[in-house]
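Okay, here's what each chain looks like letter by letter:
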Amino acid sequence: MYAYSRFDRDFLAERNTQFRAQVERRIGGSLTEDEFKPLRLMNGLYLQLHAYMLRVAIPYGTLNSAQMRQLAMIADRWDKGYGHFTTRQNIQYNWPALRDVPDMLDALAEVGMHAIQTSGNTIRNVTADHFAGAAQEEVADPRPVAELIRQWSTDHPEFQFLPRKFKVAVTGSAQDRAVTAAHDIGLRLVKRHGEIGATVLVGGGLGRTPMIGKVLAEFVALPDLLPYLEAVVAVYNLLGRRDNKYKARIKITVHETGIDEIRRLVEAEFGPRKAAFQGADMELLDRIIADFHAPDFVGGAGDFDALHAADPIFRSFVDTNAAAHKHPDYTILTVSLKAHGATPGDATSDQMRLLADLAETYGHDELRISHEQNVILPHLPKRHLRAVFDALGAAGLATANVGLASDIIACPGMDYCALATARSIPVAQEIALRFDALKLEHEVGPLKIKISGCINACGHHHVGHIGILGLDRAGVENYQITLGGDGGPDAVIGDRAGPGFAYDEVVDAIERLVRAYLAIRDSADETFLDTYRRVGAAPFKAALYPEAEVDRSASREDRADAA
Amino acid sequence: MPRPFTPKVVTANALLEGDVVYLTRFGDWTRNHADADLLEDQATADLRLLEAQALAHEVVGPYLADARRGPKGPEPIHFREAFRTRGPSNYAHGKQATLQADGKQEAQ
């Protein structure tokens, strides 16, 4: 993992000292809220529906046990004993008091963490594949590139006042677990003629106007990558619309300008930028790569196979939550933060400490946060899986549902968020409880349900196999359903199914969709998404709106009678 | 014909804690919606909002929210404002805990 240099520590200490003074000036009355707001947002501090919220960056979702323990300590000391892991691999504290925030930031700095650029019109926390450095099929570990981008973008003087926020994701795997196509810039590391480089996508994004990113460059070699990215952001900084907040993201710039013209402008900008870098970025990248060396893996699976064969509950847990590791005696274990009925993405301080202990004892001291709001032990020897399973079970963390119907992404929604138009969390809780009661989700198989509590789409509903969008319709919560979305390498925006559902109707509607899928799938191997792609929306719409189907049949009969 | 005026309360978030507060008829802030001053005409509502905006050292972002007269005091109309009176639905971490203890929570 990357370790902070003295420069990093000094920078952070100075920044935190500045913010402490800004907080004092706000409380003392010498800063107005209009003056203070951009300062607090630059440091990750929002004011939400019921309280302040501090959003802490977990760069590319990677952290060690000391960092996780510190997050737990902060939750206990200054919050309400838990944290919420987000769809951008961050953690949010929902209840800090203004006066405590500088102390929280100092506590974060002690373990090389901060909340800088987790808000505002800047380049936000860079996200990456949560299986980075462990996945069997990976071309290259994306985290050194992500760390390079983090360092370049943090406090970058040219990019502190962009037209709008700017999100970058990096994957080193063709499976694209980082949803790169839904980011302002998505980087897919690829190998060409033995050389590592990146396919650069631009102009993806969800929100009010969802768009899939377009390929700006098929291959940018690593030595050119940072100046190329700088050229892209510089072009956007000049062209991006500042007259209309809803048209300010780069996806609109690309849409209005055209990808070919954007490419021409970027290439024109690239030359001078490249010359100015003088190779310093590659020297830095080499040092960063050295920090991300793989752990010293120890071979031997112990009695894993026998335990796996003997205990069906353990077997179900492993088969559902574990993924193939590049070392045959290791596994990548996803710990679900989606126990049925729990708030998606929330972990108590005790759970955080347990995960830290397990990572330190068994997992080469590494943890990951996924954009799907789960925690990952990326390097777990199979011989320790049983001990880890038992420990997780005792802490309510052994739910075997990763990738299934109850592994739901949900934004905080109107339970916390000031922008939300409806609640997300209780809808997610009730869907999970329903599927648990039905004992259906393992039979259903892979299914991604994603819920957003407003059009901004923090819950990624557009790329859910089933997406749910909570809206305010004439003063009542109403939930629109989209179908067939996909956040993978061939990302697709879901299709809106039809009229929305009331709060107390939406769980039944989701059950009808899933039962329709079970009735029409070819076989147990055909997933929900495959079935949707094969048969189209019609049978799912019929399941969602049976009254409309009845009306249509009645009208057909009327016409037949009339004839 | 002009639309009838919907009564309002002045609401904001407290500067230090960030929690939801309402302006009372005495010009101070309460955490309990039922203790808010119900403003029944536009001119008074605008005036009280200006008064609240001058209290920038106490609160953030004051605004007028629709409300109606209830048996124990003003009640929120929109569901967002109803949530703000009590806190999130997934944990009793908001003001609902205190209000329940005080027996002041409105029936929702």
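The structure under discussion appears in the preceding block.
Below you will find a few notes about this structure. (Residues numbered from 1 in each chain as written. Chains lettered and ligands numbered in written order. Predicted model: local features only at pLDDT ≥ 70, side-chain atom pairs only at ≥ 80, totals over all residues. Heavy atoms only, no water.)

Okay, the pairing of strand β12 (residues 330-335) of chain A next. Residue and element names in this part refer to chain A. Of all six residues that make up β12, six are buried, and the element is covered over most of its length. The side-chain alternation of β12 yields two buried faces, one formed by Tyr330, Ile332 and Thr334 and the other by Thr331, Leu333 and Val335. Relative to β12, strand β11 (residues 322-324) is paired through three bridges, and the arrangement is antiparallel. Within the sheet, the bridge partner assigned to Ala322 lies in β12 and is Leu333. (Buried < 20%, exposed > 50% of the residue type's maximum accessible area, 1.4 Å probe, protein only. Helix = DSSP H or I, 4+ residues; strand = E, 2+ residues; numbered from the N terminus. Pairing = 2+ DSSP bridges.)

Glancing now at the packing of aromatic side chains. The relation between two aromatic rings is expressed through the spacing of the ring centres and the mutual angle of the planes. All names here are of chain A. Counted by the stated rule, this structure contains 18 aromatic pairs over all chains. Each ring, one from Tyr60 and one from Phe292, has its centre 5.8 Å from the other, and the planes form 65 degrees; the classification is edge-to-face. Of this pair, Tyr60 sits in the loop between β2 (52-56) and β3 (62-63) while Phe292 sits in the loop between α9 (280-291) and α10 (304-310); the two residues are 232 residues apart in sequence, bridging distant segments of the chain. Judged by relative accessible area, Phe292 falls into the buried class, the value being 8%. Centre to centre, the rings of Phe528 and Phe540 are 5.2 Å apart; their planes meet at 55 degrees, and the pair counts as tilted. Taken together, the residues span a long stretch of sequence, with Phe528 in helix α17 (residues 528-535) and Phe540 in helix α18 (residues 538-544) at a distance of twelve residues. Exposure remark for Phe540: the relative accessible area of 0% places this residue in the buried category. An aromatic cluster is defined as three or more aromatic residues linked by ring pairs; in this entry it consists of Phe304, Phe314, Phe317 and Phe389. (Phe/Tyr/Trp six-rings, centres within 6.5 Å; stacked < 30°, edge-to-face > 60°.)

The next thing to look at is the packing of helix α1 (residues 6-28) of chain A against helix α2 (residues 33-42) of chain A. Residues and elements named next belong to chain A. Between α1 and α2, the shortest axis-to-axis distance is 10 Å and the interhelical angle comes to 150 degrees. Taken together, the axis directions place α1 and α2 in an arrangement best described as roughly antiparallel. In this structure, α1 meets α2 at a crossing whose hand is left-handed. Touching Arg15, Phe19, Gln22, Val23 and Arg26 of α1 are Glu33, Phe36, Leu39, Arg40 and Met42, all from α2. Taken together, the residues of the contact of α1 with α2 break down into five nonpolar, one polar and four charged. (Axes fitted to C-alpha atoms, helices over the stretch in contact; angles between N-to-C directions. Parallel < 35°, antiparallel > 145°, perpendicular 65-115°, else oblique. Left-handed = near helix turned anticlockwise from the far one by under 90°. Contact = heavy atoms within 4.5 Å. Nonpolar A, V, L, I, M, F, W, Y, C, P; charged D, E, K, R; others polar.)

With that settled, the discussion passes to the interface of chain A and chain B. Accessible area lost on assembly of the parts is the figure often given for the size of an interface. The partner chain B presents 24 residues to the 32 residues of chain A that form the contact. Buried area between chain A and chain B, summed over both chains or domains, comes out near 2200 Å², and the portion from carbon and sulfur atoms is 59%. Where chain A packs against chain B, one counts zero salt bridges. Viewed at the interface, chain B and chain A are joined by eleven residue pairs in polar contact (both at pLDDT 80 or more). Looking at the side of chain A that touches chain B, the elements with two or more residues in it are α1, α14 (425-438) and β19 (476-483) of chain A. Tallying contributions element by element places α14 of chain A first for the side of chain A that touches chain B, with three residues. (Buried area = accessible area lost by both parts, 1.4 Å probe. Salt bridge = Lys/Arg side-chain N within 4 Å of Asp/Glu carboxyl O. Polar contact = N/O pair within 3.5 Å; in protein donor to acceptor, adjacent residues only side chain to side chain.)

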